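Geometric and topological summary
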Amino acid sequence: MVLKEIQHIFYKALDAIYGRDEVNSFFFLATEHYLNFPRFQLTLQPEFTLSKAEIAVFFKLLEDLKQQIPIQYILGETEFYGLTFKVNENVLIPRPETEELVDLIIKEHAISSVKKPLRILDIGTGSGCIAISLAKNLPNAQVYALDISKDALKIAKQNAILNAVNITFIEADILEVTTVLNLVNNELSETDFLFDIIVSNPPYVRQLEKKEIQPNVLENEPHLALFVTDLNPLIFYKAITNFAINNLKQKSKLYFEINQYLGEDTKQLLVQANFKDIELLKDLNGNDRVLKALKD
Ligand code: GLN
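Quick caveat: nothing in here was measured; it's all calculated off a predicted structure. (Residues numbered from 1 in each chain as written. Predicted model: local features only at pLDDT ≥ 70, side-chain atom pairs only at ≥ 80, totals over all residues. Heavy atoms only, no water.)

Here we come to helix 2 (residues 20–35). Counting along an α-helix, one turn takes 3.6 residues, and residues three or four places apart therefore face a common direction. Compared with an ideal rise of 1.5 Å per residue, which puts 16 residues at 22 Å, helix 2 spans 21 Å between its outermost C-alpha atoms and is within 8% of the ideal. Residues of helix 2 that are buried: Val23, Asn24, Phe26, Phe27, Ala30, Thr31 and Leu35. Taken around the axis of helix 2, the buried residues stretch over an arc of 160°, which confines them to a single face. Following helix 2 by one or two positions, Asn36 adopts a phi angle in the positive range, close to 60°. (Helix = DSSP H or I, 4+ residues; strand = E, 2+ residues; numbered from the N terminus. Expected span 1.5 Å × (residues − 1). Buried < 20%, exposed > 50% of the residue type's maximum accessible area, 1.4 Å probe, protein only. Arc of directions from axis to C-beta.)

Now for the pairing of strand 6 (residues 195–200). Counting buried positions along strand 6 yields 6 of 6 residues, so the element is predominantly enclosed. Looking at chain direction, strand 3 (residues 119–123) and strand 6 are connected through 4 bridges and run parallel. Bridge pairing in strand 6 links Ile123 to Ser200. Of the strand pairs in this sheet, strand 6 and strand 9 (residues 248–257) are connected by 5 bridges, and their pairing is parallel. Bridging across to strand 9, Ser200 finds its partner in Phe256. (Pairing = 2+ DSSP bridges.)

Counting 34 residues, the largest nonpolar core has Ile198 and Leu254 as the members making the most contacts within it. Elements represented by at least two residues in this core include exactly strand 3, strand 4 (142–147), strand 6, strand 8 (227–228), helix 13 (235–247), strand 9, helix 14 (263–272) and strand 11 (288–294). Considering every element that reaches this core, the biggest residue donor is helix 13, with 5 residues. Here Ile198 is in contact with Leu121, Ile123, Ile240, Phe243, Ala244, Asn247, Leu248, Lys253, Leu254 and Tyr255, once residues within four sequence places are set aside. With 30 residues, the next largest nonpolar core counts Leu101, Ala135, Ala141 and Ile167 among its residues. (Core = buried A, V, L, I, M, F, W, Y, C linked by side-chain atoms within 4.5 Å. Contact = heavy atoms within 4.5 Å.)

With that settled, the discussion passes to the pattern of salt bridges. The final tally for this structure, using the stated rule, is 16 salt bridges. Between Lys150 and Glu171 there is a salt bridge, with the nearest N and O atoms lying 3.2 Å from each other. Of this pair, Lys150 sits in helix 9 (residues 150–162) while Glu171 sits in strand 5 (residues 167–171), placing them 21 residues apart in sequence. Lys150 gets classed as exposed once you look at its relative accessible area, which sits at 56%. Residue Lys282 pairs with Asp288 through a salt bridge whose shortest N-O separation is 3.0 Å. According to the relative accessible area criterion, Lys282 is exposed, its value standing at 54%. With relative accessibility at 18%, the residue Asp288 sits in the buried group. Taken together, the shared-partner salt bridges in this structure form one network comprising Glu108, Lys253, Glu279 and Lys292. (Salt bridge = Lys/Arg side-chain N within 4 Å of Asp/Glu carboxyl O.)

In short, shape yes, function no, at least from these values alone.
Structural data, given as structure tokens:
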């Protein structure tokens, strides 16, 4: 069987679910991943003959895509901020909005990080995408990454190795920790434990927003990383803001990815906690998505 025949089978089975453009993009990703084809080669070699084993792999992929399993979980990896990350059902698939958050932090600290080491904490690291892309792009960064999920940390640790960065991973529930000392088991000396940057993309989708979430997200991505209750949707932002009051250096910044419908409410938390220069920023879709603030 040749490649273009398989491609047509994919179109026939998947166009109705995803649309032609997305099916094409799946097919490119798959030929890249399974056959090591650079993107243009698919168009150059439509007559490429696949082995029996390769055909089997493509048909398995087709079945999984029919079930609407995200392609990133099927292939076991994705790209974020130009880096490759392993992903599985225990971690969220990194989103483009989060790339914007990372880009903002890198731009704001590119110069200061050359002059002195920056101690950074990422709370709720998941795949490690924020922590690792910051470590990779900010010289001298000392990055700590926390998550409640052992399974997520397993993936994040693999991603740190894959991307050749050194990160201190901490298994903890941010709702239970107040000081970094109990967080990192006295690993840091008391005078030395404050952070230069705290960043978090915590769970923020309310139950009432479930109907807006795509079925492939709802059925496959970890609910632990996505959802909060309708009654206390800012629970993580409250805990992290309190944590930042005690553990962020003066004149240092706190960054949040936020629920687009709760921009003003989340901002008010920071106003009340006396943070300064608070800015609510929109993502590429024009939704309120990032909050940044300076600890006075
Ligand atoms: N942006 C993600 C989504 O819409 C949610 C991420 C989160 O809850 N932190 O699926």
